[in-house]
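# Remarks on the overall topology
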Amino acid sequence: MFKISQLFRFKRSNLLYLVISLIILLWCMSVGWAFNRALGASPSHTLAQLSPNRPTVQAGKELYEKTCAGCHIPIPAEVLPTETWQQLLENPQKHYGTSVPNMIRLTQVLIWDYLKTNSRPILLKGSPIPYYVEQSQYFTILHPRVEFKEPITTQSCVLCHTGIKDFNYRRLTAEWEDAP
Ligand code: HEC
Ligand code: HEC
């Protein structure tokens, strides 16, 4: 005869699977929660900028170079406002007509830590969020001596920056290093 207790009788191995699944589920939820909290907050720098050398920022920087330099050069965080990075990280499937692979949550959290720590919120609150480096005020501010005549793309940086391979935007061509 059917007993209700049969419904709930687990084999030992099933119970083990259940416990493992629960642990994995909880881990995923906590990573997701951290990410939503990090992205949900409006860009704030007070805490983040205190310690730009935190290990998670370093890990984020390395992941950024791996994940975001596959198709174009790694664009340094400081040339775009924090809001732009937030939008790009939130929409890896809609990335300038393509999609960024390998964007699991943990990758997103760490990359966000690097980008947030090394960029600033948009200068004029409420103004459109730049989608291209060319539209960014920070890009202009970082280039006081340069008057750009050609359109700026991810391919043009290398004309003047010789350290891009090492993610170093300080090193310049002799022409600029020596210029007053
Ligand atoms: C699958 C290839 C691919 C990957 C990986 C990729 N991108 Fe892009 N990205 C593009 C394409 C295509 C464009 C538009 C054309 C261009 O400038 O190269 C672009 C443009 C950009 C631009 C605007 C550049 C400009 O012209 O002003 C930014 C900023 C950017 N990507 C950030 C990122 C970030 C952040 C990541 C990592 C999370 C990333 N990209 C990873 C393909 C990629
Ligand atoms: C025509 C030459 C030229 C091009 C093209 C150019 N830059 Fe620069 N960049 C400079 C010079 C010169 C400086 C130093 C500031 C100055 O003298 O204006 C600089 C400074 C910077 C800095 C600040 C470096 C620091 O920490 O002191 C960043 C970041 C940067 N550029 C990023 C970029 C990116 C990203 C691109 C491409 C989208 C780019 N630049 C294209 C010439 C150029």
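This structure is a prediction, so every number in the text was calculated from the model and none was measured.

## Description of the coordination of the iron atom of ligand 2
On the protein side, the iron atom of ligand 2 has H143 (NE2) and H161 (NE2) as donor atoms, found 1.9 to 2.0 Å from it. Between the six donor atoms coordinating the iron atom of ligand 2, the angles at the centre fall across 87 to 179 degrees, so the site counts as octahedral. Within this pair, whereas H143 is found in the loop between helix 6 (137-141) and helix 7 (174-177), its partner H161 is found in the loop between helix 6 and helix 7, the two being separated by 18 residues in sequence. Since its relative accessible area comes to 13%, H161 is described here as buried.

## Focus on the side chain of S119
With respect to the secondary-structure elements, S119 resides in the loop between helix 5 (105-117) and helix 6. We classify S119 as buried; its relative accessible area is 2%. A distance of 3.0 Å separates the side chain of S119 from the side chain of T82, its partner in a polar contact.

## Thoughts on the site of ligand 2
Taken together, the neighbourhood of ligand 2 is formed by 21 residues, with H143, R145, C157, C160 and H161 sitting nearest. H143 has a polar side-chain atom sitting 2.8 Å from a nitrogen atom of ligand 2. The side chain of R145 places a nitrogen or oxygen atom 2.4 Å from an oxygen atom of ligand 2. When grouped by side-chain class, the residues that make up the shell around ligand 2 number 14 nonpolar, four polar and three charged.

## Here's the deal with the coordination of the iron atom of ligand 1
Protein coordination at the iron atom of ligand 1: the donors are H72 (NE2) and H95 (NE2), at 2.0 Å from the metal. Because the angles between the six donor atoms bound to the iron atom of ligand 1 fall within 88 to 179 degrees, the donor set is best described as octahedral. Taken together, the residues span a long stretch of sequence, with H72 in the loop between helix 3 (55-67) and helix 4 (82-90) and H95 in the loop between helix 4 and helix 5 at a distance of 23 residues. Look at H72 and you get partly exposed, because its relative accessible area is 27%.

## Some details on the packing of helix 3 against helix 5
Packing of helix 3 against helix 5 brings their axes to within 7 Å, and their N-to-C directions diverge by 105 degrees. In terms of their interaxial angle, helix 3 and helix 5 are classed as roughly perpendicular. Between helix 3 and helix 5, the residues in contact are T56, V57, G60, K61, L63, Y64 and T67 and T107, L110, I111, D113, Y114, L115 and T117, respectively. Tallied by class, the residues present in the contact of helix 3 with helix 5 amount to seven nonpolar, five polar and two charged.

## Concerning the packing of aromatic side chains
Tallied over the full model, the rule gives nine aromatic pairs. Geometrically, the ring pair formed by F139 and F148 is tilted, given 5.1 Å between the ring centres and 35 degrees between the ring planes. Taken together, a centroid distance of 6.3 Å and an interplanar angle of 80 degrees make the contact between F167 and Y169 edge-to-face. The exposure class of F167 is buried, given its relative accessible area of 10%. One aromatic cluster is present, built from ring pairs that chain together Y64, W85, Y114, F167 and Y169.

Rules of the game
- Residues numbered from 1 in each chain as written.
- Chains lettered and ligands numbered in written order.
- Predicted model: local features only at pLDDT ≥ 70, side-chain atom pairs only at ≥ 80, totals over all residues.
- Heavy atoms only, no water.
- Donors = N, O, S within 2.8 Å, 3.2 Å for Na, K, Ca; no water.
- Tetrahedral: all angles 85-135°; square planar, octahedral: opposite > 155°, others 65-115°.
- Helix = DSSP H or I, 4+ residues; strand = E, 2+ residues; numbered from the N terminus.
- Buried < 20%, exposed > 50% of the residue type's maximum accessible area, 1.4 Å probe, protein only.
- Polar contact = N/O pair within 3.5 Å; in protein donor to acceptor, adjacent residues only side chain to side chain.
- Near = heavy atom within 4 Å.
- Nonpolar A, V, L, I, M, F, W, Y, C, P; charged D, E, K, R; others polar.
- Axes fitted to C-alpha atoms, helices over the stretch in contact; angles between N-to-C directions.
- Parallel < 35°, antiparallel > 145°, perpendicular 65-115°, else oblique.
- Contact = heavy atoms within 4.5 Å.
- Phe/Tyr/Trp six-rings, centres within 6.5 Å; stacked < 30°, edge-to-face > 60°.

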